[in-house]
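# What the coordinates show
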Amino acid sequence: MKPRYAIALLIVVCVAGMVFGLARLLHWRLERGDVYPPSSSLRLDPLGARALAESLDALPGVTMDRNYRHWRRAEFPDDATLYVLRANSEFLFDRHEGPNPLLDFMARGGRVVITQVDFDAAYRRWLEEQEEDAEEQGEDLEEPAEDVEETDSEDESESKEFLVKWEADLDEGDFSGDTADLVADLNAPGSVSWKGDDFFSAYHEDWEVVYENKNGPVVLWQAYGEGEVILLASSYLLSNEALMLDRESGFLNWLHGDSTHAIFDEWHFGLHEPSGVMILMKRYRLGGLALGLALLTALFVWRNMYSLTPVRESENHMSAGVVRLSGSSHTGLRNLLKRSIAPADLLAVCVERFTKLAPQMQKKSGWQEAMAEICTELNAYKETPPRKRRPVKTYRTIAAILTKHHIHLR
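Below you will find a few notes about this structure. Given the structure is predicted, the values throughout are model-derived calculations rather than measurements.

In terms of helices and strands, the chain carries 14 helices and 13 strands. In the chain, which comprises 410 residues, the share counted as buried stands at 35%. In the chain, of all internal contacts separated by at least 6 residues, the share reaching a separation of at least 24 is 66%. When the accessible surface of the chain is split by element, carbon and sulfur atoms take 54% of a total near 26,400 Å².

Looking now at a negative patch on the surface. Together, Glu128, Glu131, Glu132, Glu135 and Glu136 line one region of the surface with negative charge. Looking at the element boundaries, Glu128 is found in helix α5 (residues 119-137).

In this section: the packing of aromatic side chains. We describe a pair of aromatic rings using the distance from one ring centre to the other and the angle between the two ring planes. Under the counting rule described, the total for this entry stands at five aromatic pairs. Ring centres of Tyr83 and Phe264 lie 4.7 Å apart, and the angle between their planes is 10°; this geometry places the pair in the stacked category. Separated by 181 residues along the polypeptide, Tyr83 in strand β2 (residues 80-85) and Phe264 in strand β11 (residues 261-265) bring together distant segments of the chain. As far as burial versus exposure is concerned, Tyr83 and Phe264 are alike and both buried.

This paragraph deals with the packing of helix α13 (residues 367-383) against helix α14 (residues 391-404). The relative placement of two packed helices is expressed as an angle between their axes plus a distance between the axes. Remark: α13 packs on α14, axes separated minimally by 9 Å, with the N-to-C direction vectors making an angle of 170°. With respect to α14, the axis of α13 lies roughly antiparallel. Within the contact between the two elements, α13 uses Ala370, Glu373, Ile374, Glu377, Leu378 and Tyr381 and α14 uses Pro391, Thr394, Thr397, Ile398, Ile401, Leu402 and Lys404. When grouped by side-chain class, the residues that make up the contact of α13 with α14 number eight nonpolar, two polar and three charged.

Further remarks concern the nonpolar core. With 59 residues, the main nonpolar core has Val219 and Phe251 as its most contacted residues. If we skip the residues at most four places from it in the chain, Val219 touches Trp194, Phe200, Glu208, Val209, Val210, Tyr211, Ile230, Leu231, Leu232, Phe251 and Trp254. If you look at the next biggest cluster of nonpolar residues, it comprises 13 residues, including Met371, Ile374, Ile398 and Ile407.

Read across the open sheet, the nine strands follow the order β1-β11-β2-β3-β10-β9-β8-β5-β6; overall the sheet is mixed. Among the strands making up the open sheet, the edge pair consists of β1 (63-67) and β6 (191-193). The sheet shows a mean angle of 20° between the axes of neighbouring strands, direction not considered. Judged from the two bridges that link them, strand β5 (residues 179-182) and strand β8 (residues 208-212) form a sheet pairing that is antiparallel. Bridge pairing links Asp181 to Glu212 in β8. Here helix α2 (residues 50-58) sits on the sheet in contact with β1, β2 and β11, set at roughly 140° to β1.

Glancing now at α13. Between its first and last C-alpha atoms α13 spans 24 Å; for 17 residues at 1.5 Å apiece the expected length is 24 Å, and the two agree. Those residues of α13 that sit buried are Trp367, Ala370, Met371, Ile374, Leu378 and Tyr381. Looking down the long axis of α13, one finds its buried residues gathered within 95° of arc, a one-sided arrangement. The exposed residues of α13 that point more than 90 degrees off its buried face are Gln368, Thr376 and Glu383.

Once that is clear, we can look at the pattern of salt bridges. Tallying each qualifying case throughout the model produces six salt bridges. Notably, a salt bridge pairs Arg43 with Asp45, separated by 2.7 Å at the nearest N-O pair. In this structure Arg43 comes out as buried when scored by relative accessible area, which is 10%. Residues Asp78 and Arg108 are paired through a salt bridge, measuring 2.5 Å at the closest nitrogen-oxygen approach. Of this pair, Asp78 sits in the loop between β1 and β2 while Arg108 sits in the loop between α4 (101-107) and β3 (111-115); the two residues are 30 residues apart in sequence, bridging distant segments of the chain.

Moving on: unusual backbone geometry. The residue Ser39 is not glycine, and still its phi comes out positive at about 70°. With respect to the helices and strands, Ser39 occurs in the loop between α1 (3-32) and α2.

Let's shift gears to a nonpolar patch on the surface. Where nonpolar side chains cluster on the molecular surface, the patch consists of Ile7, Ile11, Val15, Met18 and Val19 and spans about 490 Å² of accessible area. Positionally, Val15 belongs in helix α1.

Glancing now at the side chain of Thr81. Within the secondary structure, Thr81 sits in strand β2. By relative accessible area, which is 0% here, Thr81 ends up buried. Reaching out from Thr81, the side chain makes a polar contact with the backbone oxygen of His256 at a distance of 2.8 Å. For Thr81, the side chain forms a polar contact with the side chain of Ser259, separated by 2.7 Å. Excluding residues that lie within four positions of it along the chain, Thr81 makes contacts with Arg111, Val113, Leu255, His256, Ser259, His261, Ala262 and Ile263.

Basis of the calculations
- Residues numbered from 1 in each chain as written.
- Predicted model: local features only at pLDDT ≥ 70, side-chain atom pairs only at ≥ 80, totals over all residues.
- Heavy atoms only, no water.
- Helix = DSSP H or I, 4+ residues; strand = E, 2+ residues; numbered from the N terminus.
- Buried < 20%, exposed > 50% of the residue type's maximum accessible area, 1.4 Å probe, protein only.
- Contact = heavy atoms within 4.5 Å.
- Areas by Shrake-Rupley, 256 points an atom, 1.4 Å probe, with all protein chains shown as cover.
- Patch = residues over 30% accessible without salt bridge, like charges linked within 9 Å, V, L, I, M, F, W, Y side chains within 5 Å.
- Salt bridge = Lys/Arg side-chain N within 4 Å of Asp/Glu carboxyl O.
- Lys, Arg positive; Asp, Glu negative; His and termini not counted.
- Charge placed at Lys NZ, Arg CZ, Asp CG, Glu CD.
- Phe/Tyr/Trp six-rings, centres within 6.5 Å; stacked < 30°, edge-to-face > 60°.
- Axes fitted to C-alpha atoms, helices over the stretch in contact; angles between N-to-C directions.
- Parallel < 35°, antiparallel > 145°, perpendicular 65-115°, else oblique.
- Nonpolar A, V, L, I, M, F, W, Y, C, P; charged D, E, K, R; others polar.
- Core = buried A, V, L, I, M, F, W, Y, C linked by side-chain atoms within 4.5 Å.
- Pairing = 2+ DSSP bridges.
- Expected span 1.5 Å × (residues − 1).
- Arc of directions from axis to C-beta.
- Polar contact = N/O pair within 3.5 Å; in protein donor to acceptor, adjacent residues only side chain to side chain.

Dropping the structure here:
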């Protein structure tokens, strides 16, 4: 192998190795999951919830999915449990007008599990944003009363309904590593191990306390339409660490209910599913096909740039030093067509090349007459509309003219 080919091959191997190593590094980092927020169902470390998501997916009759879309564009099955771990204010207070898809989902029979959310702080942030918008528009924003009756909820906005009926303030108490006891008349385990110092210090009267520990209520439940919503003061029991060290299977079974779908929301974490050709190729596993097409394209380009047929020297000692390429007349015609000649000029180029390659033919008596007839045929060919041109027929006519005037290239 020549040195330049060896160097080129070495560079290609080094670049391929670097790309492969970088891809593997990114893959390992994503598989470990610490690039995702805490309580994400994509995270594998103790702070994530991937073990719960995959466990639910492994149950017979239960389908697990993740939501990466905005609530306005998401579509949830009626018989589903939606897990929103470590919810934030953007999840709670939707500033868009119109029906709230989350409330519609619960009204149809959906089940929503929300963990570690401070309704009071979330509402205050939302209210500040509303006041800023009102000041920009030159309007006065009236703060809604805290003790609004349930009969007036029809005139309230969706965000105010979250505020009034779902109000539950999260507070921090002493660390509790003991248990939380069942205090509600629900089909749930009598007690669960509870690790955390957060509890609900205040909540709306529509909430029913399900579990409480020495700090106070830690699990709240409320019916909404045909569905229900459950609040947890801590996400620990749903984490990977809890499923390994403090697994509460009965509590998790009650939390999920009889739903046949489990949906883990990733949108409120800021994780959005990108769209594009590469995403579709990854989804339908077309990476091998793309790699094969790229390799085929590279071989095609290489084949057209370099000839794989070795060059042979002429065996005739009279033409020593003259190099002749092997091939037939078809090879010559193909090489001629590869010179980027327009189809309309192909016959004219053939005649021009023939004239230059046969200067001794010009001394014959019928040369001028033959060339005149050939020019007449070429002009008629050019004046013919492109769809009606017959290049093969014109070529045969030119060959017949040369034969008639006894002009042959020997």
